[in-house]
Amino acid sequence: MLPEPPLRLTLDETALIHNWHRLNELSGAARAGAAVKANAYGLGAVRVARLLRDAGCRDFFVAYASEAAELVGIVDPAQVSILHGPQSADEAAWVAANGFRPVLNSIAQVQLWRATNGGACDLMVDTGINRIGFSQEQLSDPLLADLDVTTVLSHLASAEEDSPLNALQQQRWSAACAALGRGERSLANSAGIMLGADFHGDVTRPGIALYGGVPCAALEGEIRQVAFPEAVIMQVRQVQAGQGIGYNSTFVAPRDMRVGVVALGYADGYLRCWSGKGAMLAGGKRLDVLGRVSMDMTVIDLSQTPELSEGDWVTADYFLPTAAALSGLSQYELLTALGRRFSR
Ligand SMILES: *Cc1c(COP(=O)(O)O)cnc(C)c1O
């Protein structure tokens with residue numbers, strides 16, 4: 001048996017499934033899919049996809065073919081869209097052979113896909129974010145005329161803001177869908193769902209809100225926390241008044257203190273921005289982070305928790321909206337930074 005790591009990322013399955021159902025309801029006549037790229041934002045794509053499949057989700061979005069490969073045997077490949085499309089002829093051939101759906105983003109990718117006789121695909125139309133995707137004009141290219149298009153996608157640049165770009169992108173996407181005259185329509189990410197029915201199309205593509213993120217005020221109170229980073233107290237020690245704690249002694253004990261050294265550090269994605277700011281939770285109490293976060297350790301105040309001792313687990317305070325406000329990191333970074341040492 002392999003030794004268990006002293007840190008784990010606990011996933012509240014009920015909360016995840018709740019969030020998907022709620023986003024599905026909020027998507028109105030459209031059905032909610034799930035963005036499971038980047039290992040489901042760090043939570044574990046296989047586990048998340050299996051849970052959401054069983055909850056009724058049937059549209060999954062990954063960035064790369066290598067991510068789709070992890071879902072073989074978990075979800076029907078015809079329900080998995082590969083957002084970045086094929087990067088080479090070999091990759092296009094693999095995607096076609098395995099029955100996944102590439103999202104084609106350029107004429108070059110259309111050529112790669114046609115060369116495989118690959119079948120069903122999606123198209124990404126750029127309506128103002130200026131990353132990847134076809135321009136309006138390219139949609140009339142004869143190479144696209146007989147493609148078997150399942151879904152026409154676009155992606156919002158500022159869905160979580162009250163920006164005039166939202167309505168503009170919605171109009172351009174509607175026009176592109178009408179011009180193509182085939183395929184289902186998909187525009188909204190998590191925040192986009194809250195922009196209203198005009199943004200829903202047939203399929204929405206929430207990511208962050210599935211995993212407990214609250215990207216816009218309209219989703220407050222709707223979304224439950226899903227990810228809980230937990231770690232073991234490796235050592236308890238007494239620190240005398242006047243002594244410094246951690247690198248560079250950025251914290252000096254104002255009184256005698258009982259402190260705990262927790263097996264969590266910036267190598268795990270618990271970044272140095274939490275130094276002197278973060279907290280761990282145990283039994284309803286908040287335990288402040290003292291001094292700098294190290295690569296593999298963080299020191300917390302145990303003065304008020306004599307009941308906690310070496311070997312006990314604590315949970316990082318990681319409620320995404322407040323954690324983002326406090327740390328200066330985005331809710332997306334907070335999740336995707338969580339490292340490989342966590343057992344998931
Ligand atoms: C990541 C991504 C999403 C999900 O966005 P969230 O803001 O996490 O809901 C949707 N669509 C595309 C194209 C994406 O890249």
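Residues numbered from 1 in each chain as written. Predicted model: local features only at pLDDT ≥ 70, side-chain atom pairs only at ≥ 80, totals over all residues. Heavy atoms only, no water.

A. Region of interest: the pairing of strand S17 (residues 298-301). Of the two faces of S17, the one lined by Thr298 and Ile300 and the one lined by Val299 and Asp301 are each fully buried. Looking at chain direction, strand S14 (residues 257-262) and S17 are connected through four bridges and run antiparallel. For Val259, the partnering residue across the bridge sits in S17 and is Asp301. (Buried < 20%, exposed > 50% of the residue type's maximum accessible area, 1.4 Å probe, protein only. Helix = DSSP H or I, 4+ residues; strand = E, 2+ residues; numbered from the N terminus. Pairing = 2+ DSSP bridges.)

B. Looking closely at the sheet that holds strand S7 (residues 121-124). Spatial ordering of the open sheet is given by S3-S4-S5-S6-S7-S8-S9, a layout of seven strands whose pairing is parallel. Two strands in the sheet have a free side with no partner beyond their single neighbour: strand S3 (34-35) and strand S9 (184-186). For S3 and strand S4 (residues 60-62), the ladder comprises two bridges, and the chain directions are parallel. When the sheet's bridge partners are listed, Ala35 is paired in S4 with Phe61.

C. Just empty space enclosed by the protein, in detail. If you walk through the whole model with that rule in mind, you get one cavity of 30 Å³ or more. By volume, the largest cavity amounts to about 40 Å³. For the largest cavity, the full set of lining residues is Tyr211, Gly212, Gln225, Val226, Ala227, Tyr318, Phe319, Leu320 and Leu335. (1 Å grid on protein atoms, 1.4 Å probe; cavity = no way out; pocket = protein on both sides within 12 Å on 5 of 7 lines; lining within 4 Å. Points joined across faces, edges and corners; volume = space filled by probe spheres on them.)

D. Main features of the environment of Glu222. Mapped onto the fold, Glu222 is located in the loop between strand S10 (203-204) and strand S11 (227-239). For the pair Glu222 and Leu338, spaced 116 residues apart in sequence, the C-alpha to C-alpha distance is 24 Å. If we ignore the near neighbours within four places in the chain, the residues touching Glu222 are His18, Asn19 and Arg22. A polar contact is formed between the side chain of Glu222 and the side chain of Arg22, at a distance of 2.6 Å. (Contact = heavy atoms within 4.5 Å. Polar contact = N/O pair within 3.5 Å; in protein donor to acceptor, adjacent residues only side chain to side chain.)

E. Inspection of the layout of surface pockets at higher detail. In this structure, the largest pocket spans a volume of roughly 570 Å³. What lines the largest pocket is a set of 28 residues, and nearest its centre among them are Lys37, Tyr41, Arg131, His155 and Asn189. Elements with a contribution of two residues or more to the lining of the largest pocket: helix H2 (37-41), helix H8 (190-193) and helix H10 (331-336). A per-element tally of the lining of the largest pocket places H2 first, with three residues.

F. Molecular detail of the site of the ligand. Taken together, 13 residues surround the ligand, and among them Lys37, Tyr41, Ser190, Ile208 and Tyr332 come closest. Interatomic distance of 2.5 Å between a side-chain N/O atom of Ser190 and an oxygen atom of the ligand. Within the side chain of Arg205, an N or O atom sits 2.9 Å from a nitrogen atom of the ligand. Coverage of the ligand by the protein amounts to 92% of the 390 Å² it exposes when considered alone. Under a 2 Å grid-point criterion requiring more than half of the atoms, the pocket assigned to the ligand is the largest pocket. Of the residues belonging to the shell around the ligand, the class tally is seven nonpolar, four polar and two charged. (Near = heavy atom within 4 Å. Areas by Shrake-Rupley, 256 points an atom, 1.4 Å probe, with all protein chains shown as cover. Sits in = over half its atoms within 2 Å of the grid points. Nonpolar A, V, L, I, M, F, W, Y, C, P; charged D, E, K, R; others polar.)

G. Representation of the domain arrangement of the protein in the model. Examined at the domain level, the protein breaks down into domain 1 (12-217) and domain 2 (227-318). For domain 1 versus domain 2, the distance between C-alpha centres works out to 41 Å. (Domains from an automatic or database assignment.)

H. Seen up close, unusual backbone geometry. At Ala40, a residue that is not glycine, the phi angle is positive and equals roughly 55°. Given the relative accessible area of 0%, Ala40 is considered buried. Even without glycine at this site, Asn248 takes up a positive phi of about 65°. By secondary structure assignment, the location of Asn248 is in the loop between strand S12 (244-245) and strand S13 (251-252).

I. Examining helix H7 (residues 164-180) more closely. Compared with the 24 Å implied by 1.5 Å per residue over 17 residues, the 25 Å span of H7 between its first and last C-alpha is a close match. Buried within H7 we find Asn166, Gln169, Gln170, Trp173, Ala176, Cys177 and Leu180. Within H7, the buried residues cover an arc of 130° as seen down the axis, which keeps them to one side. In H7, the exposed positions that point more than 90 degrees away from the buried face belong to Pro164, Ala178 and Ala179. Where H7 is buried, its residues contact S7, strand S8 (149-153) and S9. At the C-terminal side of H7, Gly181 shows a positive phi close to 70°. (Expected span 1.5 Å × (residues − 1). Arc of directions from axis to C-beta.)

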